[in-house]
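An overview of the molecular structure
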Amino acid sequence: MAIRASIGFAPYRPECLEPDDREALALWRGCDCGCPCFIDPCMLNELTSYLLDRAEPGPSNDRRFFLLRQQLVMSARAYRTADGHDILVLGKIAELSVLKRLADFDKEDRQDLRSLGLPLSHAMASIGEDGVPAEVTSVALSAWAKAADALNGFLSKPRRTTRFALDDMLESIDGLYALIDVLELYRRLLLAAGRAIDILGAATVSHYDFQGLEDAVDTWRVSQGEAARQIGLALNGLSLLTPGIDAEAGLHGPISRDGSWILSYSRLGQRIMEWALGQECTSLNFAAVGAAWPGPAIYGFDDGEEEPTAACALLRELSGDTGKPAGMLYGTEDVVVAEDFTVTIPERMLEGDRRLYVISRSDEYGSYLTCVTGRRRAKMLAGLIADEQAMRSYAWAHARERGDVAQPEVLNDLPDAFEDEFSALAVEAEAIDLDASGRLPLSDTAFDDLEKGAKLVIVGEADVFHIAEKSQEERRDAWAEGRDPSELYFED
């Protein structure tokens, strides 16, 4: 048992001792003492910590630790094994006390493992073997989250965090059934995430229709696999403590939201299954875990047209799970067209993003580019969609002109401003991936006729920034210089 080994219990028997020490043990403990517990003296700290239900394997400021360790040392005697190791044997009273404490822990483990059955059963009932939610997606997501929280709650007990392993779950029927249910739920959730990624990709090329905004957001939540990630991290932690499993120190893609994380989590599950099927008397039980685990084909969606990553970014904004609001882009930066006909975008305008959506535009002063990062584009599109869905005055702007509240009957009066902005962001904007230095190629843009060395200016404007020739921007500034803002923006 992994826990017993981790706290110093050594697999020795009296006959493993040197003859003199074997006789001395029999005299001390009595000839009918049976097989006492042999403790590795180098791991006495680990044993003491475990008995006190502590995660830390060594001393702390806890006075109980030093008192208990001293009592164990005073009750023990050292012996020499035939293979040359020193070993401790506790006195009868101390040993009985230690074994009773361990038995209490084992009983508590079995009870807690049994209590995992209910949330795991509810979660399993809400998803099919093929990863298709068996009920309303929002209800299924709640059940999955509760199951993942229950597993993490079980493993969060201090003495379990650094010692409890997968083979400890096989020590009782409750633990065996819990592990089987956890692995099967984990497999189904990974399949569900891959399937949801496929749906999002298909929807971006009109090969799948959502029933509404809520349906789309719920599908995105499934694709993110939050419950599967939690269970995967818990299983990975158990694997690292389990002999015989080729476990990794960490899982790949813990932050990626495009589905690329699924493969490493799936391989973890397959490694655990390979280990479980190799354990004595457990292979038939683990036949309850399905054979289909997701692989690259599950999320091999990139055919050059589907854009599940962009869909995930948009739905993340629509879900409201965006965290702290982004600040405003402002100020100007002078730049020069480089020899390779690129221009380097300042990092403060990119904010770590390396995908730009670029729109070529022109006015009476000349051509210019309007640029928005992928993250901010998703935020802006989500805002437009939310306004349209809620029929807010920003989207249904004619009500603002009349000075009254927009009503549902004005559905045919979409303002040009809304249509133009949505079309520009969703259709006209060309996606361009920048290099690590943030260089934007100017070929095939409004600046095709510029010469190398030309002076440009980059101007931040809230969520977007513009790139224009410096002379043109100076003329634009001159036109607005000294004017009353109310004359420019607030006139009737």
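Conventions adopted
Residues numbered from 1 in each chain as written. Predicted model: local features only at pLDDT ≥ 70, side-chain atom pairs only at ≥ 80, totals over all residues. Heavy atoms only, no water. Helix = DSSP H or I, 4+ residues; strand = E, 2+ residues; numbered from the N terminus. Buried < 20%, exposed > 50% of the residue type's maximum accessible area, 1.4 Å probe, protein only. Areas by Shrake-Rupley, 256 points an atom, 1.4 Å probe, with all protein chains shown as cover. Phe/Tyr/Trp six-rings, centres within 6.5 Å; stacked < 30°, edge-to-face > 60°. Lys NZ or Arg CZ within 6 Å of the ring centre and 35° of its normal. Pairing = 2+ DSSP bridges. Core = buried A, V, L, I, M, F, W, Y, C linked by side-chain atoms within 4.5 Å. Contact = heavy atoms within 4.5 Å. pLDDT = per-residue confidence, 0-100. Salt bridge = Lys/Arg side-chain N within 4 Å of Asp/Glu carboxyl O. Axes fitted to C-alpha atoms, helices over the stretch in contact; angles between N-to-C directions. Parallel < 35°, antiparallel > 145°, perpendicular 65-115°, else oblique. Left-handed = near helix turned anticlockwise from the far one by under 90°. Nonpolar A, V, L, I, M, F, W, Y, C, P; charged D, E, K, R; others polar. Patch = residues over 30% accessible without salt bridge, like charges linked within 9 Å, V, L, I, M, F, W, Y side chains within 5 Å. Lys, Arg positive; Asp, Glu negative; His and termini not counted. Charge placed at Lys NZ, Arg CZ, Asp CG, Glu CD. Polar contact = N/O pair within 3.5 Å; in protein donor to acceptor, adjacent residues only side chain to side chain.

**Things to note about the overall build of the protein chain**
Of regular secondary structure, the protein chain possesses 20 helices and twelve strands. Relative to its full complement of 492 residues, the protein chain shows a buried share of 46%. Accessible surface, the protein chain: about 25400 Å² in total, of which carbon and sulfur atoms supply 51%.

**Considering the packing of aromatic side chains**
Scanning all chains against the criterion turns up five aromatic pairs. Their ring planes at 85° and their centres at 5.5 Å tell us that phenylalanine 65 and phenylalanine 66 sit as a pair that is edge-to-face. Of the residues examined, phenylalanine 66 reaches a relative accessible area of 37% and is grouped as partly exposed. Both rings, one in tryptophan 261 and one in tyrosine 265, keep their centres 5.2 Å apart while their planes meet at 90°; by these two values the pair is edge-to-face. Side by side, tryptophan 261 and tyrosine 265 carry an identical accessibility label, which is buried. For arginine 4, the ring lying beneath its charged end belongs to phenylalanine 9, and the centroid distance is 5.7 Å. A cation over an aromatic ring shows up here: arginine 348 above the ring of tyrosine 330, its NZ or CZ 5.8 Å from the ring centre.

**Comments concerning the sheet that holds strand S2 (residues 38-39)**
Strand order in this open sheet of four strands is S1-S2-S4-S3, and the pairing throughout is antiparallel. Of all the strands in the sheet, the pair left with one neighbour each is strand S1 (9-10) and strand S3 (77-80). Of the pairings in the sheet, the one linking S2 to strand S4 (residues 86-89) comprises two bridges and is antiparallel in character. Counted as the bridge partner of phenylalanine 38 is valine 89 from S4.

**Considerations on the nonpolar core**
In terms of nonpolar packing, the biggest core is built from 68 residues, with Leu47, Trp144, Leu166, Leu185, Ile231, Leu235 and Phe286 touching the most fellow members. Aside from chain neighbours lying at most four places away, what touches phenylalanine 286 is Leu170, Leu176, Leu179, Ile180, Leu183, Met273, Ala276 and Leu277. One finds Phe341, Met349, Leu434 and Ala446 within the second-largest nonpolar core, a separate group that totals 24 residues.

**Quick notes on the confidence of the model for the protein chain**
Residues at a pLDDT of 70 or more form 83% of the protein chain, whose mean pLDDT is 83. Note on residues 396-415: pLDDT under 50 across the span, and 21 contacts to partners over four residues away in sequence or across chains.

**A look at the pattern of salt bridges**
Per the counting criterion, the structure on display carries 26 salt bridges. Two residues, arginine 13 and glutamate 15, come together in a salt bridge whose shortest N-O distance is 3.1 Å. One salt bridge connects aspartate 104 with lysine 100, and the closest N-O pair in it is separated by 3.3 Å. Linking aspartate 104 with lysine 100, this pair stays in helix H5 (residues 92-115), spanning four residues, or about one helical turn.

**Quick word on the packing of helix H12 (residues 226-240) against helix H13 (residues 262-277)**
The relative placement of two packed helices is expressed as an angle between their axes plus a distance between the axes. One way to put it is that H12 packs onto H13 with a least axis distance of 10 Å and a crossing angle of 45°. With respect to each other, H12 and H13 are oriented oblique. Relative to H13, H12 is oriented so that their crossing is left-handed. For the pair formed by H12 and H13, the contact residues are Ala228, Arg229, Gly232, Leu233, Leu235, Asn236 and Ser239 on the first element and Tyr265, Leu268 and Ile272 on the second. Residues belonging to the contact of H12 with H13 are distributed by class as follows: six nonpolar, three polar and one charged.

**Comments concerning a negative patch on the surface**
A grouping of Glu430, Asp444, Asp448 and Asp449 is seen on the molecular surface, where their side chains present a negatively charged patch. Mapped onto the elements, glutamate 430 comes out in strand S9 (residues 430-433).

**A look at the sheet that holds strand S8 (residues 366-373)**
Within the open sheet, the six strands sit side by side as S5-S11-S12-S8-S7-S9. Their pairing is antiparallel. In this open sheet, the two edge strands, each paired with only one partner strand, are strand S5 (332-336) and S9. Direction aside, the axes of adjacent strands within the sheet are offset by 30° on average. Two elements, S8 and strand S12 (residues 464-469), share four bridges in a ladder whose sense is antiparallel. When the sheet's bridge partners are listed, tyrosine 368 is paired in S12 with alanine 468.

**Digging into the packing of helix H10 (residues 173-203) against helix H14 (residues 308-319)**
Two numbers describe how H10 lies on H14: the axes approach to 8 Å, and their chain directions differ by 95°. Considering the angle they form, H10 stands roughly perpendicular to H14. Residues Ile197, Leu200 and Gly201 of H10 touch H14, and the partners they reach there are Pro308, Ala311, Cys312 and Leu315. Across the contact of H10 with H14, the residue classes break down as six nonpolar, one polar and no charged.

**Re the side chain of arginine 229**
Summarising the element assignment, arginine 229 is placed in helix H12. Among buried Asp, Glu, Lys and Arg side chains, arginine 229 stands out as unpaired, with glutamate 226 the closest opposite charge at 4.6 Å. Polar contacts involving the side chain of arginine 229 include one to the main-chain carbonyl oxygen of glutamine 224, which spans 2.8 Å.

**Description of unusual backbone geometry**
A negative phi angle characterises most non-glycine residues, just as the trans form characterises most peptide bonds. At aspartate 53, a position not held by glycine, the phi torsion is positive, near 60°. Within the fold, aspartate 53 resides in the loop between helix H3 (44-51) and helix H4 (63-75). Residue glutamate 351 is not a glycine yet carries a positive backbone phi of 55°. Turning to its location among the elements, glutamate 351 is positioned in the loop between helix H15 (347-350) and strand S7 (355-363). Accessibility expressed as a relative area gives 41% for glutamate 351, which makes it partly exposed.

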